[in-house]
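Secondary and tertiary structure notes
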Amino acid sequence: MNLIEVRDYEEMSQIAADYLVKQVRKNPASVLGLATGGTPQKMYELLIADHKKNKTNYNTITTFNLDEYMGLKPTDPTSYRYYMDQNLFNHINVQEKNINLPSGLAANVEEECKKYEVRIQEKGGIDLQILGIGSNGHIGFNEPRTAFSSRTHVVNLTASTREANARFFDSIKEVPTQAITMGIATIMESKEILLLVSGEEKADAMKRLFSQEEPNEQFPASILKNHPHVTIVADKKALKGVVVPV
Ligand code: PGA
């Protein structure tokens, strides 16, 4: 794992945006794995600004999001599809046919999960996956004790994750109890991973990630130690008290 230590959220977002733009310019047919939540929001803002200014072309990229809540329509302001539309897709020239999120409305969710995996495979796999991390070490919605061999699947969200995400809803009661997420094996097959981490509430997770702890399913992000090409961009607050091995 390669660590880039940055000052703050702004610098993390700028480095992440530059990284993504470089990827798209290098390979205009890039398959990008995208994330939602608070962490990548500013990165998306910077990508939009870059697109306007420098005309970075997204016409031939494909995107796969990590996850989606169960039961929310794409037009629901709290769905991840809506988040992506508002924060990125509506402002760049990505083609609708190349946008992929699991559907939380599928009549047959098992089938939907399988189809999501097949779509990723058909596109040749994910070139660059943007990841956030939960304070409990989750990646995507893969909560502690999710099998490292998991592929796209339905999850029951933990109380701590629902609490952390309640800020996007009117009340915690509105936060769905289930989601569909890429599995840990799916994420690990990405050719490259960019993990973005900002804020003190992530410091414990970072301490654990940089500890001697072997990869184990109690702490999902620990699997990243086994990936050949992970870059972590983390700010000072997230790295508070972290001892980075040399
Ligand atoms: P956040 O979520 O970016 O909203 O902190 C990260 C995550 O839960 O993976």
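Residues numbered from 1 in each chain as written. Predicted model: local features only at pLDDT ≥ 70, side-chain atom pairs only at ≥ 80, totals over all residues. Heavy atoms only, no water.

As named in an unreviewed UniProt entry, the protein chain is Glucosamine-6-phosphate deaminase, taken from Halalkalibacter akibai. Taken from UniProt, the Catalytic activity (unreviewed entry) comment for the protein chain reads in full: "alpha-D-glucosamine 6-phosphate + H2O = beta-D-fructose 6-phosphate + NH4(+)". (UniProt positions renumbered as here; feature names shortened; annotations may be inferred.)

It is worth spelling out helix α3 (residues 80–87) at this point. In terms of burial, α3 is a largely internal element, six of the eight residues being buried. Within the span of α3, buried status applies to Y80, R81, Y83, M84, D85 and N87. Summarising the contacts, the buried residues of α3 are in contact with β2 (31–34), α2 (41–54), β3 (62–65), β4 (67–69), β5 (99–100) and α5 (159–165). (Buried < 20%, exposed > 50% of the residue type's maximum accessible area, 1.4 Å probe, protein only. Helix = DSSP H or I, 4+ residues; strand = E, 2+ residues; numbered from the N terminus. Contact = heavy atoms within 4.5 Å.)

You will see that K55, though not glycine, has its phi angle at about 60 degrees, which is positive. Tracing the backbone through its elements, the reader meets K55 in the loop between α2 and β3. Residue class for K55 comes out exposed when judged on its relative accessible area of 60%. Phi angles above zero are rare outside glycine, and R145 is one such case at about 80 degrees. Residue placement: R145 occurs in the loop between β6 (128–131) and β7 (153–156).

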